[in-house]
Amino acid sequence: MDKTKLLDKLGADKEDRLLLAKVLDRADQAQNRNIPASTDFLSPQQQALAGDLLRLAGIPEDRYVRLGGYQGAERALLLFLPDWMDPTDAEDQSPIRCLRATFREAEKLTHRDFLGSLMGLGIVREKVGDILVGPGSADLVVLDTVEDFLLGSWDSAGRAHLTVTALEPAHLHIPEVKCQEVRDTVSSLRLDAIASTGFRLARGKAAALIESGKVQVNWRECAKPDRLLAEGDTVSARGFGKFELTEVGGVTKKGRTSVLLKRYV
């Protein structure tokens, strides 16, 4: 199936088609030129779309790896492998580099401060992975194509002075993921019923939110309140956060299903 037909079958919009066409180009490059080829950093939503596309294209999952600089990274790139490369050797060909920007702890910089500063320097979002902000420092995952520029030219964020140095991935300061466990019983595993608990909304309001197109299941938009969820599904909505359906338990005497949610805070 040619590229246009693949994108048509996936139903991607104009913006996503441009991104997904680049993903296919990198896959073709690895296959036809027999060299490693990587995408830019992709958001979780873009990663999900790319995975759907690659399955449609018949590209096996062992022909590419997902790399984000550390285990559990949200933003990641896809590195396509030539025939001679084993997935276990992918890290050696990774274009990912890590930086640490230090500042006075009293400045209390945020993720937005760093992202705004980078955009001000002309660095597009696709060249930057996760930004891990802590007290007095922020660790960044970036592409090798912008590493030298940032080391030599990036010296401020907000009103704070930055000292930027290269960093080995093993030394990244990875903030602890904060979450709450929520146990409840629901009438069914429908999306609106689970979202009502996960987002702390009345079920009718949860259904309206879903129908508005603002809810994603496993990073894919879902506008169907009656969609059935399964263990491991992640549900997110802008402005309402994200939660995971961690466990589906038994049915109570009243016919309700017990569930355990992990709500990220």
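See the structure printed just above.
Residues numbered from 1 in each chain as written. Predicted model: local features only at pLDDT ≥ 70, side-chain atom pairs only at ≥ 80, totals over all residues. Heavy atoms only, no water.

K.L.:
Looking at this structure, I do not really get the overall build of the protein chain. What am I missing?
P.N.:
The helix and strand inventory of the protein chain stands at seven helices and 15 strands. Within the span of the protein chain, comprising 265 residues, buried residues form 43% of the whole. Taken as a whole, the protein chain presents about 14600 Å² of accessible surface, with 47% of it coming from carbon and sulfur. Between the mean site of the 37 positive side-chain charges and the mean site of the 39 negative ones, the protein chain shows a separation of 8 Å. (Helix = DSSP H or I, 4+ residues; strand = E, 2+ residues; numbered from the N terminus. Buried < 20%, exposed > 50% of the residue type's maximum accessible area, 1.4 Å probe, protein only. Areas by Shrake-Rupley, 256 points an atom, 1.4 Å probe, with all protein chains shown as cover. Lys, Arg positive; Asp, Glu negative; His and termini not counted. Charge placed at Lys NZ, Arg CZ, Asp CG, Glu CD.)

K.L.:
Got a minute to help me understand the layout of surface pockets in this structure?
P.N.:
Space left empty within the atom packing is revealed by a probe, the size of a water molecule, rolled over the atoms. Each pocket or cavity is described by its volume, and for the largest pocket that value is around 1700 Å³. Lining the largest pocket are 37 residues, with P44, E74, R75, W219 and K242 positioned closest to its centre. Elements supplying a minimum of two residues to the lining of the largest pocket: α3 (44-56), β5 (128-134), β11 (215-217), β12 (220-221), β13 (234-237) and β14 (241-251). In this structure, the second largest pocket spans a volume of roughly 570 Å³. Lining the second largest pocket are 23 residues, with E15, D16, L19, L42 and Q46 sitting closest to its centre. Elements that contribute at least two residues to the lining of the second largest pocket include exactly α2 (14-33) and α3. When residues in the lining of the second largest pocket are grouped by element, the largest group, seven residues, is from α2. (1 Å grid on protein atoms, 1.4 Å probe; cavity = no way out; pocket = protein on both sides within 12 Å on 5 of 7 lines; lining within 4 Å. Points joined across faces, edges and corners; volume = space filled by probe spheres on them.)

K.L.:
When you look at the packing of aromatic side chains in this model, what are you seeing that I'm missing?
P.N.:
The description of an aromatic ring pair uses the distance of the two centres, along with the angle that the planes make with each other. One pass over the structure, following the stated rule, counts five aromatic pairs. Note on Y64 and F80: the rings are 5.5 Å apart at their centroids and 50° apart in plane angle, and the pair reads as tilted. Of this pair, Y64 sits in strand β2 (residues 64-67) while F80 sits in strand β3 (residues 77-80), and the two are 16 residues apart along the sequence. Accessibility classification places Y64 together with F80 in one group, the buried group. An aromatic cluster is defined as three or more aromatic residues linked by ring pairs; in this entry it consists of F103, F114 and W154. When the ring centre of Y264 is taken as reference, the NZ or CZ atom of K242 above it lies at 4.7 Å. (Phe/Tyr/Trp six-rings, centres within 6.5 Å; stacked < 30°, edge-to-face > 60°. Lys NZ or Arg CZ within 6 Å of the ring centre and 35° of its normal.)

K.L.:
Would you mind showing me how to read the side chain of Q216 here?
P.N.:
Inspection of the secondary structure assignment puts Q216 in strand β11. According to the relative accessible area criterion, Q216 is buried, its value standing at 19%. Of the polar contacts made by the side chain of Q216, one reaches the side chain of Q45; its length is 3.1 Å. (Polar contact = N/O pair within 3.5 Å; in protein donor to acceptor, adjacent residues only side chain to side chain.)

K.L.:
Is there a simple way to think about the sheet that holds strand β1 (residues 37-38) in this case?
P.N.:
Strands pair in a sheet through their backbones, by hydrogen bonds, and they do so in one of two ways: parallel or antiparallel. Read across the open sheet, the three strands follow the order β1-β3-β2; overall the sheet is antiparallel. The sheet is open, and its two borders are formed by β1 and β2, each paired with just one other strand. Where β1 meets β3, two bridges bridge the pair, whose relative direction is antiparallel. Its bridge partner lying in β3, S38 is registered against L79. (Pairing = 2+ DSSP bridges.)

K.L.:
I tried to follow the nonpolar core on my own but got confused; where do I start?
P.N.:
Across soluble globular proteins, nonpolar side chains have a tendency to be buried as a group. The biggest cluster of nonpolar side chains holds 22 residues, and the ones touching the most others in it are L191, I194, F199, V215, L229 and V235. The biggest single contributor to this core is helix α6 (residues 191-198), with four residues. Sequence-distant contacts of F199, that is, excluding residues within four places in its chain, are made with L209, V235, S236, A237, F240, G241 and F243. In terms of nonpolar packing, the next biggest core, distinct from the first, is built from 19 residues, A101, F114, L118 and L162 among them. (Core = buried A, V, L, I, M, F, W, Y, C linked by side-chain atoms within 4.5 Å. Contact = heavy atoms within 4.5 Å.)

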